[in-house]
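Listed below, chain by chain, are the residues.
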Amino acid sequence: MTPAQEALERLRKGNREFVSGLPSRDSFLRFSRRAQLAEGQTPFAIVLGCSDSRVPAEIVFNQGLGDLFVIRVAGNIVAPSQIGSVEFAAARFGVRLVVVLGHSQCGAIQATLEELRTPNENQSRNLRSIVDRVRPALEVLMRTGLRYEPGVLLQHAVRANVTASVNQLKHGSEILEQLIKDEGLRVVGAEYSLETGVVEFYDEVE
């Protein structure tokens, strides 16, 4: 079992390697690890990230096969299936770090802001289910002066959505609450920059 702080440092180190252009370690380990992983997995971190094709967690953190338990959904939202997936990995594999990974220029966040400005009655109910998960964190921002600064608003909205997802994981599951209280589980927020490749972990991280 990898302690949360150690797992966090591994992610930070991997992201620095990615940004600096070092070769992916997975390219060297893939063939030797594949047979080993057929017997079981021991991921050291859980990443709940966005489905955006530009933000694959294994690549931006320079990790290989079996290193990360990755859950991807548009807008890195938290719904029952995502909570269940986090519960499964934390309880079954002893993972002690959960990272909610948002990213700059997130399309799901932009779609929600557009919906708040101009409601679309013909929107797919499935897409609406994502927008409705994001909406509460953004409605607060839309009532401030940020609504007149679209670029700045989007930046704040991405962070607000990540923070909301972190809070939902921390307080939306008795299993996760118990693991946080008694077993050292940590849930942290982070944001990937499409422009620089850097992952910024939010202030609450030690």
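All figures in this text were calculated on a predicted structure; none of them were measured in a lab.

1. Considerations on the pattern of salt bridges
Opposite charge on two side chains allows them to pair when their charged atoms are near.
For step 1, the next point in the chain: Considering all chains together, one arrives at six salt bridges under this definition.
For step 2, the next point in the chain: Among the ionic pairs, arginine 54 bridges to aspartate 52, the shortest N-O distance being 2.7 Å.
For step 3, the next point in the chain: With relative accessibility at 45%, the residue arginine 54 sits in the partly exposed group.
For step 4, the next point in the chain: A salt bridge links arginine 128 to glutamate 115, with the nearest nitrogen and oxygen atoms 3.4 Å apart.

2. Quick look at the packing of helix α5 (residues 107-117) against helix α6 (residues 125-142)
For step 1, the next point in the chain: At a minimum axis distance of 8 Å, the contact between α5 and α6 shows a crossing angle of 70°. On the basis of their axis angle, the class for α5 and α6 is roughly perpendicular. Contact residues: α5 offers Ile109, Thr112, Leu113, Glu115, Leu116 and Arg117, while α6 offers Arg128, Val131, Val134, Arg135, Leu138, Glu139 and Met142.
For step 2, the next point in the chain: Considering only residue class, the contact of α5 with α6 consists of seven nonpolar, one polar and five charged.

Calculation rules
- Residues numbered from 1 in each chain as written.
- Predicted model: local features only at pLDDT ≥ 70, side-chain atom pairs only at ≥ 80, totals over all residues.
- Heavy atoms only, no water.
- Salt bridge = Lys/Arg side-chain N within 4 Å of Asp/Glu carboxyl O.
- Buried < 20%, exposed > 50% of the residue type's maximum accessible area, 1.4 Å probe, protein only.
- Axes fitted to C-alpha atoms, helices over the stretch in contact; angles between N-to-C directions.
- Helix = DSSP H or I, 4+ residues; strand = E, 2+ residues; numbered from the N terminus.
- Parallel < 35°, antiparallel > 145°, perpendicular 65-115°, else oblique.
- Contact = heavy atoms within 4.5 Å.
- Nonpolar A, V, L, I, M, F, W, Y, C, P; charged D, E, K, R; others polar.

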